[in-house]
Amino acid sequence: MTAYVRKQMLEPSPPPASQQGVIGWMRENLFSGWVNSILTLAAIYVLYEFLSLGLPWLWHGVWVADSHLQCLEIIAERFGPDASGACWAVIRERWGQYLFGFYPTEEWWRPILCFGLMLVALVAPLFADDSKNAQWIIAPTSALTLVLLGGAGAPLLVMGIAVAVFVLAAWASDRPVKLLVLTGVYPFVAVWLLWGGPLSGPVLAVGGFVILWAVVKLFSGRLGVPLSAGIGIVAAFLWWTVIEPRLTASLPHDLLALAPVESENFGGFLLAFIIGVSSIGMALPLGILLALGRRSDLFIVNKLSVGFIEFVRGVPLITMLFTASLLLQYFLPPQVQFETILRVIILVTFFSAAYIAEVIRGGLAGLPKGQQEAADALGLDYWQAQRLIILPQALKISIPGIVNVFIGLFKDTTLVSFVSLMDPLRGVTAIVRADIDWKAAYWEPYLFVAAIFFVACFGMSRYALYLEARLKTDHR
Amino acid sequence: MNKTLFLGTLTAAALSAGLASAGTLDDIKARGEVNCGSNTGLTGFGAPDDKGEWHGFDVDLCKAVAAAVFGDQTKVKFVPLTGETRFTALASGEVDLLVRNSTWTYSRDTDLKFDFVAVNYYDGQGFMVKKDLGVSSAKELDGATVCIQTGTTTELNLADFFKANNITYTPVNVADDGEALRQFTAGACDAYTTDASGLASTRATLPDPDNYIILPEIISKEPLGPVVRHGDNAWGDVVRWTYFALLTAEEKGITKANIEEVATSTQDPEIKRLLGLEGDMGKMLGLDAGFAKAAIAANGNYGEIFEANIGMSTPIKLARGLNALWTQGGLQYAPPFR
């Protein structure tokens, strides 16, 4: 009698059907108890109700019609008298206004080029040492911008210049920091492109900043950064107010001039991006200075920073916008024409700078005191210590908060409709609905605007996640 | 900054602001265009079209004023103003003139320190209901739900009306015309109330306008008209008499088409004075002799402007009603050009 000895291992039998696959996943995640089962069923019911309303509405969408009434007729004809449907024809007819306001159609290539250049100019600060992602941004941006430029009928010369800039950017993208020059020049190019006028305007305006930079470079060794910056600002101010107007007057007016476009024609997302991007760009440095000022031991600097931050944070944005558009006019003589858009940009910048200052102060407070002491022990002066040791760490901690402020700011640009600027959400929609053909269009404009805002804000949010992952140096 | 310097700056600012309002007409002439406060978008009354060109009943009055001052109706800049900002914008000098369906009321005239120089549209608050509600008078609306725009005089009028008639209602608050239209057609409210002109334009956009009726009761007086600042009388006169020129032109049968012919053939002394062929009417206002002629030639007389923007030939289909000339049973009456 031989004992039975198994010579082969048995194949492991699969887990029971209720523990694996779709069923197992559902048991574990959706129906793991009676409370969860009820919640799941309720959620499915709500989702069904929502989709059974929304999907047919989207599916019945009409793209070609002359009026909202005609849309309804077409839907009734195709899908029966009780069918509801979206009337996208309003977007098809008026998308230009949602994107550009009343910017002249034949000049649309200027904001398009401006937007393309903005993305390229952002590459250097956003992806300083990450050439792979820099190329990922530059390549599609270039292609899309060129296609859109062609579609908008840009002059051939402009197309040529755009191609040259994009090729240059692609060539430099192995080290994106090299593109910082582009970033520095961009604001002036953008103002020239958008508002038009002779090229000498932005070139001379750059002159002021060159003077400021040169003065700081020359004197900061002997006088220190703050004092030399002060002298530089005075010198630049002299240039802008005294020398520049005379130079402008002596130059011919049509030198490389673009057709001027009045500010009141700016609207839609063009306006939202102008206010949003320029405010974000200026609020970050101002916010950093305010945060440092608030932690400073210098009595006046400290109190001024605290006063500014607390005052601005204590006042609602709407109040500041009303001040910008209406009350300033009381104090300015009537000859002074000070563009509403510029006033709004300045006050929105102040507003978000105060919030950013507090976010960054949180980051500064999160650093151990030893960091500052170590910098002192190395013999670094105040600005070197901040630039090389304190701020890189503090800003890294503050990224989620800063991006939060930026996203909020970008969406807050729609509030400018209260001061009669043509924001995409309320300003342009009011104009579109004033046309009797589209008076009844309700959801479609909102959905269109929401979609564009979502893309922009989601992009910012993803970038923040990427940056956090990239700067992560701890081992958590 | 020390205190003296601060006060000095403030005084200088106040002084220059005071000087500014002393001569609005001169400021406008120096600037080369009229800044006209208008609506951010109201069907038929004032809105830019898809090219950015402004059109509408109120807009055409601004264009007529520009034509009267400069002889060119394009020398006007339209500043879109919301309900909240319109009066501050006028008071601060951001606009010279407000033509934005603003109701002439006691407190706006006195407390806010404005002058309503004319009434270019007599409006009133009405109700629209679905036909199958079976209601033929607003007094039968006891217990109804009513869609109403918040923060407007119409809200207060509504409360007054129901209280006076001892009936009740439930308000459904909406933010604007578009939302009201949506709520009303979806059945969220039994009745929608706003100015009668607004009801007409809303009804015109419905797919089945015949299923809705506008009730006969008009529960408030809403005289809408152009507004200037208090103490700005010379400029106010320019606006007022430009408007009266348009009315007189309709009364005398002068249209955009026949104005040149009338100017050469007329024997009527008042028409001659109006068109600047006799006397020096323009000079009394500080304008050219042909100011009224230019204003009429811009977009026609009052009746033509009405018909082109909101009249029976447009989708809005407003009848003249109270806005007919006094000779035809309406309230529009221009003092004599003499």
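Residues numbered from 1 in each chain as written. Chains lettered and ligands numbered in written order. Predicted model: local features only at pLDDT ≥ 70, side-chain atom pairs only at ≥ 80, totals over all residues. Heavy atoms only, no water.

**Q** In this structure, what is going on with the pattern of salt bridges? I would like to understand it.
**A** Where charged atoms of side chains with opposite charge meet at close range, the side chains can pair. Taken as a whole, this structure holds 18 salt bridges over all chains when the rule is applied. When the shortest N-O distance is used, the salt bridge between A:R313 and A:E310 registers 3.5 Å. Of this pair, A:R313 and A:E310 both sit in helix α12 (residues 299-313), separated by 3 residues, roughly a single helical turn. Since its relative accessible area comes to 32%, A:R313 is described here as partly exposed. Ionic pairing is found between B:K252 and B:E270, a salt bridge with its closest N-O pair at 3.6 Å. Within this pair, whereas B:K252 is found in helix α9 (residues 233-252), its partner B:E270 is found in helix α11 (residues 269-274), the two being separated by 18 residues in sequence. Taking relative accessible area as the criterion, B:E270 reaches 16% and is therefore assigned buried. Overlapping salt bridges bring together A:R294, A:E310, A:R313, A:E358 and A:R361 as one network. (Salt bridge = Lys/Arg side-chain N within 4 Å of Asp/Glu carboxyl O. Helix = DSSP H or I, 4+ residues; strand = E, 2+ residues; numbered from the N terminus. Buried < 20%, exposed > 50% of the residue type's maximum accessible area, 1.4 Å probe, protein only.)

**Q** Honestly, the interface of chain A and chain B in this entry has me stumped. Any pointers?
**A** Accessible area lost upon the coming together of the parts is a frequently used measure of interface size. Counting residues at the interface gives 30 residues for chain A and 41 residues for chain B. Surface buried jointly by chain A and chain B totals about 2,900 Å² across both partners, of which 62% is contributed by carbon and sulfur atoms. The three residues of chain A that bury the most area against chain B are A:Y330, A:I436 and A:K439, which together make up 22% of that side's buried surface. Scanning the region where chain A abuts chain B turns up 0 salt bridges. Where chain A meets chain B, there are 3 residue pairs in polar contact (both at pLDDT 80 or more). For the side of chain A that touches chain B, the secondary structure elements donating two or more residues are α3 (68-79), α4 (89-100), α13 (317-331), α14 (340-365) and α17 (427-434) of chain A. (Contact = heavy atoms within 4.5 Å. Buried area = accessible area lost by both parts, 1.4 Å probe. Polar contact = N/O pair within 3.5 Å; in protein donor to acceptor, adjacent residues only side chain to side chain.)

**Q** Please clarify how the state of the cysteines should be interpreted in this entry.
**A** A disulfide bridge is the covalent bond that connects two cysteines by way of their sulfur atoms. Taken as a whole and judged by the stated rule, the model has 3 disulfides over all chains. The residue that forms a disulfide with A:C71 is A:C87, at a sulfur-sulfur distance of 2.0 Å. Between A:C71 and A:C87, the S-S torsion sits near 70 degrees, and that sign places the bridge as right-handed. Highlighted residues: A:C71 in helix α3 and A:C87 in the loop between α3 and α4, separated in sequence by 16 residues. The partner cysteine of B:C36 in its disulfide is B:C62, sulfur to sulfur 1.8 Å. Of the two residues, B:C36 sits in strand β1 (residues 34-39) while B:C62 sits in helix α3 (residues 57-70), which places them 26 residues apart along the sequence. The buried category is assigned to B:C36, whose relative accessible area is 0%. (Disulfide = S-S within 2.5 Å.)

**Q** Help me understand α17(A), please; the structure alone is not making it clear to me.
**A** Among the 8 residues in α17(A), 7 count as buried, and that is most of the element. Those residues of α17(A) lying buried are A:G427, A:V428, A:T429, A:I431, A:V432, A:R433 and A:A434. Those residues of α17(A) that are buried are in contact with α4, α11 (268-295) and α18 (443-471) of chain A together with β2 (47-48) and α7 (177-185) of chain B.

**Q** Even after reading the chapter, I still don't get the side chain of B:S201, so can you show me in this structure?
**A** Relative to the assigned elements, B:S201 resides in helix α8 (residues 196-204). Judged by relative accessible area, which is 4%, B:S201 ranks as buried. There is a polar contact of 3.1 Å between the side chain of B:S201 and the backbone oxygen of B:G198. If sequence neighbours within four positions are ignored, B:S201 has contacts with A:I436, A:K439, B:T43 and B:I316.

**Q** Would you explain the side chain of A:Q386 in this entry?
**A** As for its position among the elements, A:Q386 is in helix α16 (residues 382-412). Apart from the residues lying within four places of it in its own chain, the contact partners of A:Q386 are A:L292, A:Q372, A:L391 and A:P392.

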